[in-house]
Amino acid sequence: MLIPGGAAASTEWTFTPRMTIGQEWTDNADFAPRGGEESDFITLVRPSFTLTGEGARAQLNLNYSWNNRFYWDDSDRDSSTHNLSGSGNAELVRESIFVDGSIRRSVRAESAFDPVTPRDQEETTRYRISPYWVWRIGRFADHELRYVFDEARYHRSDREPQQVHRVRYRLDSGPMFGRTFWQLSSERTWDRFDDPARAKVDRFFNEATLGYQVTPSLRTSVSGGDGWNRVEDQPRRDTQNWRVNADWGVTRNTQLQGSYGQFKDEIDDEDETNRREQRSLSLVHQAPRSTWRLSYSEARTDGLARAADFARAEVDPFPGAEESGVVDVFEFFEPREDEALTFTETWRGSWDYSTGPNTFRIQISRRKTDQDFELDSEAIRTRTVAVDDDLIPVAQGLIDAERLTDVVDRDWRVTGSWSWAFGARTQANLRGTLRRLEGSTLQVIEVPNGEESFDVAEQERETDEWRVSLGLSRSIGRRTSGNLDFSHRQSRQQVDDQDDVRRRENRISARLTMEF
């Protein structure tokens, strides 16, 4: 609706509707623990479409699917979910005013430690829209002023929506400075929650960068900034950071980036501060047939405003996951979207190799998260919670009698895949994934009537899960394709010193997809 009439008319639009029908068999329809397995047949009906538009002043990419699953033996397992992903941008006023946005609706587990099952899913929509204005002051500098609205909505639980309003201003140096470059930026963020028990959070930050292009392949800079955080009407808490950055093209095929710095957050009026180092390193090497990537980063995130950039670095679904309803995409679990600050250490590595008909890929990742630091716990509306006979404050609304609060401390993941195109229309796919989660869960055990305290249990949790999938796909005609897949998955959950809970499932799936 924001695209001007002329731009919309000059944009080339492509609309591709599809219909997928399929049949599956599983020996554990609810992914129940050992001894509780029940087999079932499932009929899949999945209409979907893709809408793309590309023109001189507008672009749009939108993918939607409606996943309907009908169980033969137990209709209570029937499900209907929506998956949507899209992004777009438009030039409203030539070379000056633009707007871009994105949307994503997906299904995932309600708890980080529990696997997705047909009866235990959280359907979430997150959308973002951002108008911005850019202009140039001759050869001196370029300006950008941007507003961002970001919202998350939850469709299968009683969680209230969350919104973020963000205003950014950036001034970049122009060509007249030669090898020297600089940048001034400022950002103001308002985190808002529809839940009256959640505290509003305001953030403000300024940063300056000065750098020099030492050689055509080496670029260095230093950055520093300060700002403040405020919860509700409490006093502002100051924050500062600095870092040194380098970007070096070692060879035409090898790129190296790194940074080192520190940040400091004021915690209370007693001059107590949270100090951390922030380091990052990224190496990318490209060979004729392969690509190597290795990265390490330490990052600070604060609420919904930062969680999107932080949590969804790689969205890589397991083959057949969306069709099977098991759509835990093995991405890092999002941090809590509240008043807490989180500090993360992340390792990532990958290797891609192609020989024409064969493509190999290996990914390894590890993330360690510290979620102990809150901006101002006194400003959050709290109730007293009893844990092991000690009284601790917990944000009211984060915990209730039907919800778990997960804290993921460590997340490991290894994924490997092999694709073999052994014919003009036929391809085989093999993939395996291993994942381990460690952390804790705070669960309400009892809420006494009229009492201002909850009886809760803080449980250490550990989950191991691995999957393997073998699939065969074939193009039957210009607009029709078929898929046949076999997958096996297992999981093991350990809670404190209790006996572990083991699950396993075998699934066979046949699907036919037609384009119209």
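Coordinates for the structure precede this section.
Conventions adopted
Residues numbered from 1 in each chain as written. Predicted model: local features only at pLDDT ≥ 70, side-chain atom pairs only at ≥ 80, totals over all residues. Heavy atoms only, no water. Helix = DSSP H or I, 4+ residues; strand = E, 2+ residues; numbered from the N terminus. Buried < 20%, exposed > 50% of the residue type's maximum accessible area, 1.4 Å probe, protein only. Contact = heavy atoms within 4.5 Å. Phe/Tyr/Trp six-rings, centres within 6.5 Å; stacked < 30°, edge-to-face > 60°. Lys NZ or Arg CZ within 6 Å of the ring centre and 35° of its normal. Patch = residues over 30% accessible without salt bridge, like charges linked within 9 Å, V, L, I, M, F, W, Y side chains within 5 Å. Areas by Shrake-Rupley, 256 points an atom, 1.4 Å probe, with all protein chains shown as cover. Salt bridge = Lys/Arg side-chain N within 4 Å of Asp/Glu carboxyl O.

## Quick word on the side chain of T81
Thought 1: Secondary-structure assignment places T81 in strand β4 (residues 79–93).
Thought 2: Here T81 falls in the buried class, since its relative accessible area comes to 6%.
Thought 3: Sequence-distant contacts of T81, that is, excluding residues within four places in its chain, are made with S65, W66, N67, V107, Q121, E123 and R156.

## What to know about the packing of aromatic side chains
Thought 1: All told, the structure shown has 19 aromatic pairs when counted by the stated rule.
Thought 2: With a centroid separation of 5.8 Å and an interplanar angle of 70 degrees, the aromatic rings of W242 and Y260 are classed as edge-to-face. Taken as a pair, W242 in strand β12 (residues 237–251) and Y260 in strand β13 (residues 254–266) lie far apart in primary sequence, 18 residues in all.
Thought 3: By relative accessible area, which is 38% here, W242 ends up partly exposed.
Thought 4: Cluster of aromatic residues (ring-pair linked, three or more members): W292, W351, Y353, F360, W418, W420 and F422.
Thought 5: Here the basic side chain of R219 rests over the ring of F181, its NZ or CZ set 3.7 Å away from the ring centre.
Thought 6: Positioned above the aromatic ring of F31, the side-chain terminus of R489 is 3.6 Å from the ring centre.

## Some remarks on a nonpolar patch on the surface
Thought 1: A cluster of nonpolar side chains, W25, F41, W72, W418, W420, F422, L430, L470, L472, L484, F486 and I508, forms an exposed patch at the surface whose accessible area comes to about 1,100 Å².
Thought 2: Considering the arrangement of structural elements, one finds L430 in strand β21 (residues 426–446).

## Section: unusual backbone geometry
Thought 1: Positive phi, close to 50 degrees, is recorded for F31, a residue that is not glycine.
Thought 2: If you trace the backbone, F31 turns up in the loop between β1 (12–26) and β2 (40–54).
Thought 3: Under the relative-accessibility criterion, F31 is labelled buried at 1%.
Thought 4: Backbone geometry at E95 places phi at a positive 65 degrees, although glycine is not the residue there.

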